[in-house]
Amino acid sequence: MNQPIRSKTCAKTYKTAELKVLKILNKIDSLKLSNSYISRLDIPRSNEKKGFGGSSARCTFLTAGLIFVLMISGRWAYTELLGSRSCILELPSFSKSVFRPPEDCSMCVGVDDVVRLANTTAEEFEDKYAYSTTPVIVTDATDGWKALKEFDFNFFATFYSRGKMGKQINDCFYFAYKSGLNSLQEVFTMDEARANLSGQPWYVGWSTCYDDETRRLRSYYNRPYFLPKTAESDMVDWIFMGGPGQGAHMHVDSVRHMSWQAQVRGRKQWELAPPPECLYTCRWISFTVAPGEILVVDTNRWYHKTNVLPGDISITIGAEYD
Ligand SMILES: O=C(O)CCC(=O)C(=O)O
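Since the structure is predicted, the reported quantities are computational estimates derived from the model, not experimental observations.

## Some details on the sheet that holds strand S8 (residues 285–289)
Consideration 1: Spatially, three strands are ordered S8-S7-S10 in an open sheet, and the strand pairing comes out antiparallel. Two strands lie at the open edges of the sheet, namely S8 and strand S10 (303–308), each paired on one side alone. Here the average twist between neighbouring strands, direction ignored, is 20°.
Consideration 2: When strand S7 (residues 268–273) meets S8, the two strands line up antiparallel, connected through five bridges. If you follow Leu-272 over to S8, its bridge partner there is Ile-285.

Below, the structure is given as structure tokens:
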């Protein structure tokens, strides 16, 4: 009898905690406080240790235990009964950020701004930045890219109207954000005024998932020259597109590797927030990426949100590298 009641309490505690953190982040955001002001705030820390003995700790422990048991039994059932090596239970993606291990705040202490670089080398980049948590913008890595001239809404509408894209090599990811557009098909059949950014605002993102799709898109841009020589990128690219005032909400990723993102059109503002456990020791960072610039940031560790600035449609293309 007790178990369901406890689980419900746990879920509620999580939801409340999550909402509180989001409220605080939104409040900080709406006050437009400078990074230096936020990091100087005298915030009482007497509650910091409470979590380890109180009901929230019990909830964490119980929920983690429950999930662990479910995963193990799911895996066992699948392997034994169906003879497969795949997992039967896929955790929802939000659980990855809820259950991520606490960060070591040395990842963000002293990282106060984005570094702007030009004329670097793959060796220097690998040495100093490729696998670090310092966000970097490389300003000279898209020279000669056809994408800069040719990518716009109509390019992608035509590109995705051609049907067959080869062999599927990955899951196809699509993010509607607040657009209400539920698929790429809906994106590319929206009315003309909206597509031209004079109707209801929209912003969407998606990953490539067919081999010819990625291959054909890659003929419009090159592998950034500064990536480490040995770094591989799989056949998956990410595209984000939409109008001013729109962007991705604050979140942290759970992808496998570091990634780069080239701003092909438009200007986009990024805000990076330290993980919640480092909010008192690290700063928020905010910067703008302009057309032709490439951003490299560890989105698995920095919480991040984006906002397209007034002007042109924003189109970015990027990929992970190992
Ligand atoms: O480019 C954007 O607007 C969002 C990118 C993002 O959220 C990501 O790469 O995880």
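## Remarks on the sheet that holds strand S5 (residues 237–242)
Consideration 1: Reading across from one edge, S1-S2-S9-S6-S11-S5-S4-S3 is the order of the eight strands in this open sheet, with mixed pairing throughout. If you trace the sheet from one side to the other, it starts and ends with strand S1 (115–117) and strand S3 (174–175), each paired once.
Consideration 2: Pairing of S1 with strand S2 (residues 136–138) involves three bridges; the strand directions are parallel. Note that in S2 the partner of Val-115 across the bridge is Val-136.
Consideration 3: Relative to S5, helix H10 (residues 211–218) is tilted by about 70°, and along the sheet it contacts strand S4 (203–207), S5 and strand S11 (314–321).

## Observations regarding the site of the ligand
Consideration 1: Close to the ligand lie Tyr-203, Phe-240, Ala-248, His-251, Asp-253, Gln-261, Lys-268, Trp-270, His-304 and Thr-306, which account for all nearby residues.
Consideration 2: At a separation of 2.5 Å, an oxygen atom of the ligand approaches a polar side-chain atom of Tyr-203.
Consideration 3: In the model, an oxygen atom of the ligand is placed 2.6 Å from a nitrogen or oxygen of the Thr-306 side chain.
Consideration 4: Taking 290 Å² as the accessible area of the ligand by itself, protein coverage stands at 91%.
Consideration 5: When residues of the shell around the ligand are traced back to their parent elements, those giving at least two are S7 and S10.
Consideration 6: Here the residues of the shell around the ligand are counted per class, giving four nonpolar, four polar and two charged.

Parameters at a glance
Residues numbered from 1 in each chain as written. Predicted model: local features only at pLDDT ≥ 70, side-chain atom pairs only at ≥ 80, totals over all residues. Heavy atoms only, no water. Pairing = 2+ DSSP bridges. Helix = DSSP H or I, 4+ residues; strand = E, 2+ residues; numbered from the N terminus. Axes fitted to C-alpha atoms, helices over the stretch in contact; angles between N-to-C directions. Contact = heavy atoms within 4.5 Å. Near = heavy atom within 4 Å. Polar contact = N/O pair within 3.5 Å; in protein donor to acceptor, adjacent residues only side chain to side chain. Areas by Shrake-Rupley, 256 points an atom, 1.4 Å probe, with all protein chains shown as cover. Nonpolar A, V, L, I, M, F, W, Y, C, P; charged D, E, K, R; others polar.

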